[in-house]
Amino acid sequence: MNDKLIKEMNKIEIPRELRERSKIGVEKAKREVPRSNKQWYIFAAPALAAAVALSIAGPGLLSNNSPENPVIKTVEYNNTFDVSDPNRLVGWADSVFIGKVVEQSGTKSLAGLPETQFKVEVMDTIKGDIKGTVIVNQQGGYEGNELILVENDPLLENGKSYLFITKYLKDENWHTLVPVYGDIEITNESQKQELIEKYQKAYQEQIPFE
């Protein structure tokens, strides 16, 4: 997150009720994250502060239905490693696979940021033993008349195929994708084969996250 954005965020006056609620939400998230998923929380934690600063932490506003003209807001990450490096990203991930989005299956907020769940049919597996139909979770979603996007990463679309790079959250039984680099849309068979070869190589040369 750049200095200019941080300065602008610091100017935002957060209502006392929202500020207290956000503190409770962050502490609750810290307590609820299982030890086995601690690496995901380290990766995602900076988004919590950004979400609070953008005043998007209101409960009960999540929606499965998209408004006609939503106000789009974005949340940035400060990542703990270079997520654009396939070897490092694959080394961090639990699963790398190609799947087709069947439908949106729900919305939920774990720590002040809307998250959207999708049923995905697994087609090819590169890392992990994932198969069949699974739930892929994407951070971001609709909240009232707003569409919250993480790193401006568009929500998944029904009927489209993607290469997914995910971390598994046992408590929710879903696979959370990495924004931008973990949901690459596949538009043709040639591209699909190129992605399979690229990420098979990245798997062979993966750099474990420590």
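Keep in mind that what you see is a predicted model, and the values were worked out from it rather than measured.

Peer 1: Would you mind going over the pairing of strand β7 (residues 161-169) with me for this structure?
Peer 2: Regular strands place side chains that alternate from one sheet face to the opposite one. The buried count for β7 comes to 8 of 9 residues, which makes it a mostly enclosed element. By the bridge criterion, 6 bridges tie strand β3 (residues 95-109) to β7 in an arrangement that is antiparallel. The residue bridging G99 from the neighbouring strand is Y162, located in β7. Bridge count between β7 and strand β9 (residues 183-186): 4 bridges; the pairing is antiparallel. From the neighbouring strand, Y162 faces β9, where its bridge partner is E185. Relative to strand β8 (residues 174-177), β7 is paired through 4 bridges, and the arrangement is antiparallel. Note that in β8 the partner of K167 across the bridge is T176.

Peer 1: Hey, could you run me through the pairing of β3 in this one?
Peer 2: Relative to strand β4 (residues 114-127), β3 runs antiparallel, the two being bridged by 12 bridges. In the strand pairing of β4, I98 is matched with D124. Where β3 folds back on β4, the antiparallel hairpin that results is connected by 4 residues, among which G112 adopts a positive phi of roughly 90°.

The rules behind each value
- Residues numbered from 1 in each chain as written.
- Predicted model: local features only at pLDDT ≥ 70, side-chain atom pairs only at ≥ 80, totals over all residues.
- Heavy atoms only, no water.
- Buried < 20%, exposed > 50% of the residue type's maximum accessible area, 1.4 Å probe, protein only.
- Helix = DSSP H or I, 4+ residues; strand = E, 2+ residues; numbered from the N terminus.
- Pairing = 2+ DSSP bridges.

By themselves, these figures tell us nothing about what the structure is for.
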